[in-house]
Amino acid sequence: MRTLLLTALFLTFTCPLPSEAAAPLTISGPPIAESIPLMAMSQNERPWDQSFEVRFTPWHSPDMLRAMVAGQQVDAAIVTTAAASTLRSKGVNCRVALLHESPVWIVSAKPGPNTLESLKGTLLFPFGPGEMPELFYKAAMAGTPGDITTRHTSGALEAVNLLLAGKGDHAMLSEPLASIAVVRSRSMHDKGVPLLVKRVNMCRAWERAFPGHHLATSSVTFFGTKADDHELLQAFRTAHEQACRWVRDNPDKARELVRKKLPSLAAHLDAGAFDTFDIHTLSGKKAQADALFYLEKISEISPAAIGGILPGSDLFEAQQ
């Protein structure tokens, strides 16, 4: 009997309780295409093997995300690479599981060459001076003469509205808002609204400025104890790859999933923001090198934007 009791006590303190073992991985993302595979991973029925359950919760502002991370309400989230670096420098235990090459465009009121140096007139930035869109624009333009005036707005929607009102010549916009702006201009063109075009792909502009380097601006980053669970991070990466493939191959099912879990993104889809769901992830040592290079270039302009110091390779999952 004593042996049985000691065995029971040992199992109690060394094995996870059923509720702990079943606790889902809480992952957060904004209303962008990169969140769709995370929603797919949270489905009850999935056509791929996944050793963990996922609960997806959206974030709609950087402040909301910071509050969830500070309150330990999320295990992982889509954040900018610079934000992950900043959190690490402030003592938050975090690790980048995978990187995205997120689509960012300069949308223009007139067609022209797809180069930064060809832009003329006024370029609108979402958010104020020193925010990320302006920083990687400045990094890509370093040493290149330009004939452009910049103006800051209170957000991406204001930038779109000013562009449609003819109070700017260009605006730097992420997807899906870049595509939505183009679609809206077409529907309002008969009312004198300029016909907008997606003119400069910032991912390609970055590669022209820095040959051999991808614009690794976005990531899925894990926090707290989950950041040190390398087996979990590897399992996540494997499942995420399959979820991306499912989303790409099943666009109708993906749209229905978005309508259930993230209505704000569904509204963008219904407005014609996406034709396909092709998520561009970056992986391997090359992806880490691209991310560190990107952070170095941002740090040269604003060290505070990455937390004051360049992170080491330990910010990234070792086998990423």
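Above this text you will find the structure in question.
Calculation notes
- Residues numbered from 1 in each chain as written.
- Predicted model: local features only at pLDDT ≥ 70, side-chain atom pairs only at ≥ 80, totals over all residues.
- Heavy atoms only, no water.
- Salt bridge = Lys/Arg side-chain N within 4 Å of Asp/Glu carboxyl O.
- Helix = DSSP H or I, 4+ residues; strand = E, 2+ residues; numbered from the N terminus.
- Buried < 20%, exposed > 50% of the residue type's maximum accessible area, 1.4 Å probe, protein only.
- Arc of directions from axis to C-beta.
- Contact = heavy atoms within 4.5 Å.

Asks: What is the right way to read the pattern of salt bridges from this model?
Replies: Charged atoms that come close allow side chains of opposite charge to pair. For the structure on display, the rule yields 15 salt bridges. Ionic pairing is found between R95 and D228, a salt bridge with its closest N-O pair at 3.2 Å. Pair noted here: R95 is in strand 4 (residues 94-100) and D228 is in the loop between strand 10 (218-223) and helix 10 (230-249), with a separation of 133 residues, a long-range link. The partly exposed category is assigned to D228, whose relative accessible area is 43%. Linking K286 and D290 is a salt bridge whose minimum nitrogen-to-oxygen distance equals 2.6 Å. Note that K286 and D290 are positioned in helix 13 (residues 284-301) at a spacing of 4 residues, about one turn of the helix. Here the salt bridges share partners, and the residues they tie into one network are E101, R204 and E207.

Asks: Just checking my understanding: could you explain helix 4 (residues 62-70) for this structure?
Replies: In an α-helix, one full turn covers 3.6 residues, which means residues spaced three or four apart are oriented alike. Of the positions making up helix 4, those classed as buried are L65, M68 and V69. Taken down its axis, helix 4 places every buried residue within 100 degrees of arc, on the same side. Within helix 4, the exposed residues directed more than 90 degrees away from the buried face are D63, R66 and A70. Summarising the contacts, the buried residues of helix 4 are in contact with strand 1 (25-29), strand 2 (54-58), strand 3 (76-80) and strand 10. Count one or two residues on from helix 4 and you reach Q72, which has phi positive near 55 degrees.

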